[in-house]
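Each chain, written out:
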Amino acid sequence: MYAQVVFPLPFRKAFTYRIPPALEELVCMGVRVVVPFGKRVMTGYVLSVGETTDVKEKVKPISDVLDEQPIFDESSIKFYEWLSDYYLCSLGEAFRNAVPYGSDVESKRKIISDTKLCSELLNSEKKKSSVKAKLLRELVEKETHKISQLQKAVKRKSIYSALKTLEKQGALTILDLIEEAKVKAKKAKYVKLAKTVDEVYETIPEIESRSPKQVVILLELLTKPSGEIQQSDLLNKTNTNQSSIKSLEKKGLIQVFSKKVERVYEETYAEEKKNIKLTAEQSEIVKQVKSSINKSSFISYLLYGVTGSGKTQVYIELAKQAVKKGKTALVLVPEISLTPQITSRFFNTFGDETVVIHSRLSLGERYDAWRGIIRGKYNVVIGPRSALFAPLKNIGLIVIDEEHDASYKQFEMIPKYHARDSAIIKAKFSKCPVLLGSATPSIETMQNAISGKYKLLELKNRVDNARLPAINLVDVSSRKNKGKVEKIFSNTLIDAIHYKLSKKESIILLQNRRGFSTQVFCDDCGTIEMCPDCDVSLVHHISKNILQCHYCGFTKKVPKACSNCGSLSLRFFGTGTQRVEDELAYHFPDARIERIDSDTMGRKGELGFVLNSFRKGEIDILVGTQMVSKGLDFSRVTLVGVISAETTLWLPDFRADERTFQLLTQVSGRAGRSENPGEVIIQSLNPRHFVLQKVLANDYLGFFKKELLIREAGQYPPFTKLALVEAKDENEQDAYGAINDYYKMILPYKNQVTISPPTPALISKIKGRYRFHILLRTHKREDASGHVLRTAMSNALSEYNQKSRFRDLRLLIDIDPVSIV
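Residues numbered from 1 in each chain as written. Predicted model: local features only at pLDDT ≥ 70, side-chain atom pairs only at ≥ 80, totals over all residues. Heavy atoms only, no water.

1. Points about the environment of Thr328
Here's step 1: Looking at the secondary structure, you find Thr328 in strand E13 (residues 328-332).
Here's step 2: Placed 52 residues apart in sequence, Thr328 and Val380 show a C-alpha to C-alpha distance of 5.9 Å.
Here's step 3: Those residues in contact with Thr328, other than ones at most four positions away along the chain, are Ala322, Tyr378, Asn379, Leu392, Lys393, Asn394, Ile395, Gly396 and Leu397. (Helix = DSSP H or I, 4+ residues; strand = E, 2+ residues; numbered from the N terminus. Contact = heavy atoms within 4.5 Å.)

Here is the structure:
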């Protein structure tokens, strides 16, 4: 028997492996296998199994099988094949998303150096700037090294030939070590009675006088209907120790055994279950989508509903229908910050049938949730974009909440998929409806709804007789001249906060930047404190008195003088959430203030604790970044303040206007979600900007029409298909050489594709790597699906991988980028 296996590596070919007789019953399509690959050991994915092979060479055997049940089937393979074709990656790289991190087995190379010989070779090396010399300087320092550490130290990826040369000289040894999976199923010790109840009662008098603790254990076990209890729980409950367990086991009264246990994430946020009656609008929408669930028909719906119109309850009612029909439901939310409230409401409805998957779970919790989904334990899965790949079977409904959100796009790993667009295709293969929900749909989604590609559903009114909040734009530039601004707060906002606090109502303040000050610069020479590894300024964090880069994490102490001219005239410019919190404490010393951003919410469960306190009225003012702008539903919030409306408006990106409108409309929607009227105060330096005027009028459709004209004039989506090609490397010349070679190879397609010449990225260096971009586009009139664009890119990429002298530098392909920064 032979298996076709693919790997999470950048080539599309499948490899043939022999199945040993002992593994024949375990190897099937959809399982992971451990196999030798060159000189390494890797985890691969079985595509198919057959009795014959055309391979003439010796076929290597499979070493091990990692899965008891397949993690994908024929229908899900079609989805991953689409993902691979559309986003121009290998099938193995697409499959990598299907398994939780840390569950694969692979070999890692380790370098053991002879420090004495390395020192001698370094002294005799003539060219001190060579890769070999740089490596020797690192190898002299200690004996054991990882290849990735050496690559980072010498700022070069292609170090293998130099390492081989040094190995031949006896300066080092390269070891291939098998690294086991970081996470496995957890086992725990359990205890149960080994004799009948009557026999145990007969022995109690004999041991009561000598060992009263043993009697306590026996009596506890007698009260257990299931007959077994986890040993750690038993010891805690009876306040006894291990020796008592061992003594009872020796007497044959109890049995100790190992059993797999599930690590379950417990959400710290909780709400009481409410009996909610649907509005007429909600009922009509549920009725329409239910019909598609019942018929197992694929339809894309856009649920366009104002903030506070009860979209979450619509999701719950539809998920109920899917589960009632014996199907499963997948609910995607854009960020972890949205999961506490929506998860709590789904748990209140579906109980233990619900599971949440996101990056704040431990490796073990994620692994056990994934195994539980495969076993069919869970019918409802909730999570951010990675939950798209949960191994759910028989999907009856897919929901994408806040479908407009940019965090649905994968920025870091390959493939750079968009979870919203991919979920629509998944629904198509699953033959189920997909529901996209938003109060501010993306321009592309609304255009699809207007053109009839999606079916438009509308919720025009808020629930519970709530009204949309009154919005007030405050011109801080003119008020500063009149002395009506206290540092970062206008008098209008300060007065409103005073009034709301006096009425015991809650307040949310948005400033979409972390830290205290966003720039530190010298008043004399104008030098700005920049990150040495990124082309961005360092941000001042006052709590630790450090400057930090928000791209690579680099930190340094706040300088006492200018690093360029030595001047003591350093100025701190810009406003982050820390400064907002600090000045709030000065103006309102008695107010209970909490900050929500990625600096404060790092601890697991912390967000849930804070939201619980805010819901109960134990926190008066919530300050945060965009984490506070989406999904939060608290009836006590009657005031929302925006410190600076321009933080996203000034970005040199074609989606800047859209993002600003969405952010401000979404955060405004947090106010007035009950009978108490809401108020929104937005501080701006340019309140006459058309985006802010549309926010003020709560006019999404007006904004959509204006933005559509701008996009058409600029040849941007939804009128074109876009793709971004990026080359990045520690060596600036290599990065430019690679992108320039690709440019030459894509140029023959210039009659079909509009090709921009290679340029440095707007942020030209991140994490020590120089970045260059090529922007490609085709018009949807000639290339509606983007097939022409992707074919040209794929052909040019194949030529680059064969002919370019920089082919070791992998180009990053981003189809349908959400940002070109």
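2. Side note on the pattern of salt bridges
Where charged atoms from two side chains of opposite charge approach closely, those side chains can pair.
Here's step 1: As enumerated under the stated definition, the model contains 37 salt bridges in all.
Here's step 2: Of the charged contacts in the structure, one is a salt bridge between Arg12 and Asp85, with a shortest N-O distance of 3.5 Å. Highlighted residues: Arg12 in the loop between strand E1 (2-6) and strand E2 (15-18) and Asp85 in helix H1 (residues 74-86), separated in sequence by 73 residues.
Here's step 3: Residue Asp85 is classed as partly exposed on the basis of its relative accessible area, which comes to 45%. (Salt bridge = Lys/Arg side-chain N within 4 Å of Asp/Glu carboxyl O. Buried < 20%, exposed > 50% of the residue type's maximum accessible area, 1.4 Å probe, protein only.)

3. Here we look at helix H5 (residues 147-154)
Here's step 1: Every buried residue of H5 is accounted for by Ile147, Leu150, Gln151 and Val154. Buried residues of H5, viewed axially, fall in a sector of 100 degrees; they line one side.
Here's step 2: One or two steps after H5, the chain reaches Lys155, where phi turns positive at roughly 55 degrees. (Arc of directions from axis to C-beta.)

4. Quick notes on the pairing of E13
Here's step 1: A large share of E13 lies buried, amounting to five of its five residues.
Here's step 2: The two faces of E13 match: Thr328, Leu330 and Leu332 on one face and Ala329 and Val331 on the other face are all buried.
Here's step 3: Note that E13 and strand E16 (residues 395-401) share five bridges and pair parallel. If you follow Thr328 over to E16, its bridge partner there is Ile395.
Here's step 4: For E13 and strand E15 (residues 380-383), the ladder comprises four bridges, and the chain directions are parallel. Looking at E15, one finds that Val331 is bridged to Ile382. (Pairing = 2+ DSSP bridges.)

5. Looking at the environment of Pro340
Here's step 1: For Pro340, the location among the structural elements is in helix H13 (residues 339-350).
Here's step 2: A relative accessible area of 3% places Pro340 in the buried class.
Here's step 3: Residues Pro340 and Leu611, spaced 271 residues apart in sequence, show a C-alpha to C-alpha distance of 8.4 Å.
Here's step 4: With residues near it in sequence (within four places) discarded, Pro340 still touches Glu267, Tyr269, Leu607 and Leu611.

6. Structural notes on the side chain of Gln341
Here's step 1: You can see Gln341 is positioned in helix H13.
Here's step 2: Residues contacting Gln341, with those up to four places away along its chain left out, are Tyr269, Glu271, Gly631, Leu632, Asp633 and Phe634.

7. Observations concerning the sheet that holds strand E11 (residues 254-261)
Here's step 1: Read from one edge to the other, the open sheet built from three strands follows the order E10-E9-E11, with strand pairing classed as antiparallel. Every other strand in the sheet has two partners, leaving strand E10 (228-230) and E11 as the edge strands with one partner each. Each neighbouring strand pair of the sheet contributes to a mean axis angle of 35 degrees, computed without reference to strand direction.
Here's step 2: Bridge count between strand E9 (residues 186-193) and E11: eight bridges; the pairing is antiparallel. In the sheet register, Lys187 faces E11, and the bridge partner there is Lys260.
Here's step 3: In the packing of helix H9 (residues 231-238) onto the sheet, contacts are made with E9, E10 and E11, and the angle to E10 comes to roughly 85 degrees. (Axes fitted to C-alpha atoms, helices over the stretch in contact; angles between N-to-C directions.)

8. A few points about the packing of helix H11 (residues 280-295) against helix H12 (residues 311-324)
Here's step 1: At their nearest, the axes of H11 and H12 sit 10 Å apart, and the two run at 30 degrees to each other. It follows from the interaxial angle that H11 and H12 lie roughly parallel. For the element pair H11 and H12, the recorded crossing hand is right-handed. In this structure, H11 uses Gln282, Ile285, Val286, Val289, Lys290, Ile293 and Asn294 to contact H12, whose residues at the interface are Gln313, Val314, Glu317, Leu318, Gln321 and Ala322.
Here's step 2: For the contact of H11 with H12, the residue count by class is seven nonpolar, four polar and two charged. (Parallel < 35°, antiparallel > 145°, perpendicular 65-115°, else oblique. Left-handed = near helix turned anticlockwise from the far one by under 90°. Nonpolar A, V, L, I, M, F, W, Y, C, P; charged D, E, K, R; others polar.)

9. Some points on the nonpolar core
Note that soluble globular proteins tend to have their nonpolar side chains buried in a common cluster.
Here's step 1: Membership of the largest hydrophobic core comes to 120 residues, with the highest contact counts inside it found for Tyr742 and Met793.
Here's step 2: For this core, the leading source of residues is helix H24 (residues 732-746), giving seven residues.
Here's step 3: Setting aside residues up to four positions removed in sequence, Tyr742 forms contacts with Val725, Ile774, Met793, Ala796, Leu797, Tyr800 and Leu811.
Here's step 4: Ranked by size, the runner-up nonpolar core spans 26 residues in total, among them Val286, Leu303, Ala329 and Leu457. (Core = buried A, V, L, I, M, F, W, Y, C linked by side-chain atoms within 4.5 Å.)

10. A closer look at a nonpolar patch on the surface
Here's step 1: On the surface, a nonpolar cluster with roughly 280 Å² of combined accessible area is contributed by Val197, Tyr201 and Leu219.
Here's step 2: When you line up the elements, Leu219 lands in helix H8 (residues 212-222).
Here's step 3: Classification of Leu219 as partly exposed rests on a relative accessible area of 38%. (Patch = residues over 30% accessible without salt bridge, like charges linked within 9 Å, V, L, I, M, F, W, Y side chains within 5 Å. Areas by Shrake-Rupley, 256 points an atom, 1.4 Å probe, with all protein chains shown as cover.)

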